[in-house]
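# Understanding the architecture of this molecule
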Amino acid sequence: MERGDAVPVISAPPLPEPLAALRQVWGYHGFRHEQQAVIEHVMAGGDALVLMPTGGGKSLCYQIPALCRAGVGLVISPLIALMEDQVAALTAAGVAAACLHSALPAGEMAQTLRRLDRRELDLLYVAPERLASERFLALLDRAQIALFAIDEAHCVSQWGHDFRPDYRGLAVLERRYAHVPRLALTATADGATRRDIVAQLGLSAARQFVASFDRPNIRYRVVAKKEARRQLLDFITTEHGGDAGIVYCLSRRKVEEVAAFLAGAGINALPYHAGLDPAVRQAHQRRFRIEEGVVMVATIAFGMGIDKPNVRFVAHLDLPKSLEAYYQETGRAGRDGLPASAWLAYGLKDAVLLRQLMGQSGAAPEQARLERHKLDAMLGYCESVRCRRQVLLDYFGEHREAGCGNCDLCLAPAASFDGTEAAQKALSAAYRTGQRYGAAYLAEVLVGRQSERVHRAGHDALSIFGIGQELQSAEWLSVFRQLIAFGLLDVDAAGTGGLFLTEASRPLLRGEQRLNLRRDDQPTGRKGRQGANRAAPAQGLDRLLWDRLRACRLALARAQGVPPYVIFHDATLLEMVAARPQTSGDLARLSGVGVRKLERYGEAFLAVLRADAA
Ligand code: ADP
Ligand code: ZN
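Residues numbered from 1 in each chain as written. Chains lettered and ligands numbered in written order. Predicted model: local features only at pLDDT ≥ 70, side-chain atom pairs only at ≥ 80, totals over all residues. Heavy atoms only, no water.

### Focus: the overall build of the protein
Of the regular secondary structure elements, the protein holds 26 helices and 17 strands. A compact globule built from 614 residues should have a C-alpha radius of gyration of about 25 Å, and the protein, at 28 Å, falls within 12% of that. Taken along its principal axes, the extent of the C-alpha atoms in the protein is 95 × 65 × 50 Å. For the protein, buried positions account for 53% of its 614 residues. Restricting to contacts in the protein with at least 6 residues of sequence separation, those with at least 24 account for 73%. Element-wise, carbon and sulfur atoms account for 51% of the exposed surface of the protein, whose accessible area totals about 26,700 Å². For the protein, the separation between the mean place of its 75 positive charges and that of its 67 negative charges on side chains is 2 Å. (Helix = DSSP H or I, 4+ residues; strand = E, 2+ residues; numbered from the N terminus. Rg over C-alpha atoms; globule rule 2.2 N^0.38 Å. Buried < 20%, exposed > 50% of the residue type's maximum accessible area, 1.4 Å probe, protein only. Contact = heavy atoms within 4.5 Å. Areas by Shrake-Rupley, 256 points an atom, 1.4 Å probe, with all protein chains shown as cover. Lys, Arg positive; Asp, Glu negative; His and termini not counted. Charge placed at Lys NZ, Arg CZ, Asp CG, Glu CD.)

Next comes the structure, spelled out in structure tokens:
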């Protein structure tokens, strides 16, 4: 075909209205949050910057206008796995979608380009570098473009955590296709990144849509670390048996060890870190996507591109370095909006390690202050006696009056005590022994243990020797941990990890300030309350039917080589368990059952439901 030829339009059914598309194609009943406002704005030709938390429903903000405006919607996405999952999900819903990336076989690539040229596509996902190709741009010049969606738009910013130089080239869109609406979407909220997106992509005239960053379905919990692995295993088996989850560890070695430990206990756990053979790593990632109930034990190398909606828990065995990182990592749980857990085991060693790292960082003063602030916030979150969600949202600039009712501290308030005297004793012990011993040793001195080490150092002769017998060693460790977390004690970074007093400890020592400390493991609430409130969506429902429906879904997914949630999301299966539809009319009424999915999968699920009713 010569350039400039009239392009034959093969089929041009009338374009649907957004709400009709939502109902027919996705089978959803209504829009969420800002979706409707964004869609209306883009339908009218406007540019938009969309900031929504993970799981907020960003995809529909561009998918629906792409379907409802004439032409193809071009989506720029940084990761192949993300593109492929989106395309699989759209295809299952009957949308003409495809993707272009470097890993595609040549034949498939050529076919997609042909479909683009014949105007057969509603949505085309491309990697950013594609827009640097003049050949591809020439092809776009003659296509009709409904919109450009720049997904994970924070990749354009150096401030962000996933900087991709190719995103800078996207400025070409504004110059070359000035009349086509552009949407930039991200879950990264901070101001510097946001301003950078606007500047780099020329979106100063774009309307900004900012949703709340709360993730109400995630239950936050911090446990005092004792035997971390055993605690993790208990958590998984009592609350998330059979669920998919992610366990984050700091080091590769620990990843391997924890994965082996969980696997040995019968959990379907796999390791993931940058040191694994790439083929093994990919195979594990694939199993996580395609199978049900895989627990990935990973370093933070396992990160962006995990858009599996039914990750039911994210557990941390080590502390992240900032609340930003923590929020992002835990945000991978419960994208589907169903109950999910963020579980963190935290102890004295974590506090010490982080303070030590900070001392070693060697950053310029301004940078060091910033890092210190971030670290203080992370430790403050761990030691909080106030609603965890309030602490998190406060940190991100969203103020909440009331507790959330869905975190460990709201469900079972922490017991606290006036720890002024204990803190003074602990600080004195550090001071009198020369500010070079760690917490374990100082606890020995306080409880008056006649160990050889204490004796050799002559510390059994000090006035503070044995003045802390009202608490046990473990309780003293908890006191030291909190003093470190609050910045009253700091950790000698270079040497042996000895604790020394900071400026901030003076008012306390002089008796000018009182200090409340929390008692670990003594929630005032009834015991077992958290167990009853476990964060599992299928809780209390017919487990047998749920398992049968999941098996049906897995079989269909396997046959098509797609992740199970592409067939139906958990939310839709749960509706099936609750409503037990027997006819296709009943089934069609459930959220997530669109016209095309009803046709393709309806009978298979109805067969399971009817057999169950019989
Ligand atoms: P994000 O990209 O913001 O992380 P997604 O677009 O993946 O979020 O949406 C999160 C989940 O919510 C998906 O499972 C999606 O199908 C579902 N969802 C989005 N909008 C709606 C809606 N209006 N009604 C029901 N479910 C929705
Ligand atoms: Zn709370």
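### Looking at the pattern of salt bridges
One pass over the structure, following the stated rule, counts 43 salt bridges. With a closest N to O distance of 2.7 Å, Arg 176 and Asp 141 form a salt bridge. A residue pair is termed long-range when its members are at least 10 positions apart, and Arg 176 in helix H7 (residues 171–176) and Asp 141 in helix H6 (residues 134–141) qualify at 35 residues. With a relative accessible area of 28%, Arg 176 lands in the partly exposed category. Look at Asp 141 and you get partly exposed, because its relative accessible area is 34%. For Arg 449, the salt bridge is made with Glu 444, and the minimal N-O distance between the two is 3.3 Å. Salt bridges linked by common partners bring Glu 292, Arg 312, Asp 336, Arg 550, Arg 553 and Asp 570 together as one network. (Salt bridge = Lys/Arg side-chain N within 4 Å of Asp/Glu carboxyl O.)

### Remarks on the sheet that holds strand E2 (residues 72–76)
Overall, parallel pairing links the seven strands, which are arranged E3-E4-E2-E5-E6-E1-E7 in an open sheet. The open sheet terminates on both sides in strands that have one partner only, identified here as strand E3 (97–100) and strand E7 (207–210). Across this sheet, the average inter-strand angle for adjacent strands is 20°, counted without regard to direction. As defined by bridge partners, strand E1 (residues 48–51) adjoins strand E6 (residues 182–186) across four bridges and the pair is classed as parallel. Bridging from a neighbouring strand, Leu 49 pairs with Ala 184 of E6. (Pairing = 2+ DSSP bridges. Axes fitted to C-alpha atoms, helices over the stretch in contact; angles between N-to-C directions.)

### Here we look at the side chain of Asn 310
Its place among the elements puts Asn 310 in the loop between strand E11 (295–298) and strand E12 (311–316). Among the polar contacts made by the side chain of Asn 310, one reaches the side chain of Asp 570 at a distance of 3.3 Å. Aside from chain neighbours lying at most four places away, what touches Asn 310 is Ala 244, Glu 292, Asp 336, Arg 553 and Asp 570. (Polar contact = N/O pair within 3.5 Å; in protein donor to acceptor, adjacent residues only side chain to side chain.)

### Focus: the sheet that holds strand E8 (residues 218–224)
The strands making up a sheet associate through hydrogen bonds between their backbones, and the pairing can be parallel or antiparallel. Read from one edge to the other, the open sheet built from six strands follows the order E8-E13-E12-E9-E11-E10, with strand pairing classed as parallel. If you trace the sheet from one side to the other, it starts and ends with E8 and strand E10 (269–272), each paired once. The sheet shows a mean angle of 15° between the axes of neighbouring strands, direction not considered. Note: E12 against strand E13 (residues 340–346), four bridges, orientation parallel. The residue of E13 that forms the bridge with Ala 315 is Trp 343. Helix-sheet contacts for helix H10 (residues 252–264) involve strand E9 (244–248), E10 and E11, and the interaxial angle to E10 is about 170°. Contacts from helix H14 (residues 365–383) reach E8 and E13, with the element oriented near 105° to E13.

### Describing helix H13 (residues 348–360)
Counted at 1.5 Å a residue, the expected span for H13 with its 13 residues is 18 Å, and the 19 Å between its end C-alpha atoms agrees. Among the structural elements, E13, H14, helix H18 (439–447), helix H20 (473–485) and strand E15 (489–491) are those in contact with the buried residues of H13. Among the residues trailing H13, Gly 362 stands out with phi positive, at a value near 65°. (Expected span 1.5 Å × (residues − 1).)

### Some points on the site of ligand 1
Taken together, the neighbourhood of ligand 1 is formed by 15 residues, with Tyr 28, Gly 55, Ser 59, Arg 335 and His 569 sitting nearest. The contact in question runs from an oxygen atom of ligand 1 to an N or O atom on the side chain of Tyr 28, over 2.5 Å. With the chains in place, 87% of the 560 Å² that ligand 1 exposes on its own is no longer accessible. A per-element tally of the shell around ligand 1 places helix H3 (residues 58–68) first, with three residues. Residues of the shell around ligand 1, tallied by class, amount to four nonpolar, eight polar and three charged. (Near = heavy atom within 4 Å. Nonpolar A, V, L, I, M, F, W, Y, C, P; charged D, E, K, R; others polar.)

### Structural notes on the pairing of E8
Most of E8 is tucked away, with seven of its seven residues classed as buried. What you see with E8 is no split at all: Ile 218, Tyr 220, Val 222 and Ala 224 on one side and Arg 219, Arg 221 and Val 223 on the other are buried throughout.

### Details of the coordination of the zinc ion (ligand 2)
For the zinc ion (ligand 2), the full set of protein donor atoms is Cys 387 (SG), Cys 404 (SG), Cys 407 (SG) and Cys 410 (SG), and the range of their distances to it is 2.3 to 2.4 Å. Taken together, the four donor atoms coordinating the zinc ion (ligand 2) span angles of 102 to 117° at the metal, a pattern that classifies the geometry as tetrahedral. Motif for the zinc ion (ligand 2), donor spacing along one chain: C-x16-C-x2-C-x2-C. Of the two residues, Cys 387 is situated in the loop between H14 and helix H15 (388–395) and Cys 407 in the loop between H15 and helix H16 (408–411); the sequence distance between them amounts to 20 residues. The pair Cys 387 / Cys 407 is uniform in exposure class, with both members buried. (Donors = N, O, S within 2.8 Å, 3.2 Å for Na, K, Ca; no water. Tetrahedral: all angles 85-135°; square planar, octahedral: opposite > 155°, others 65-115°.)

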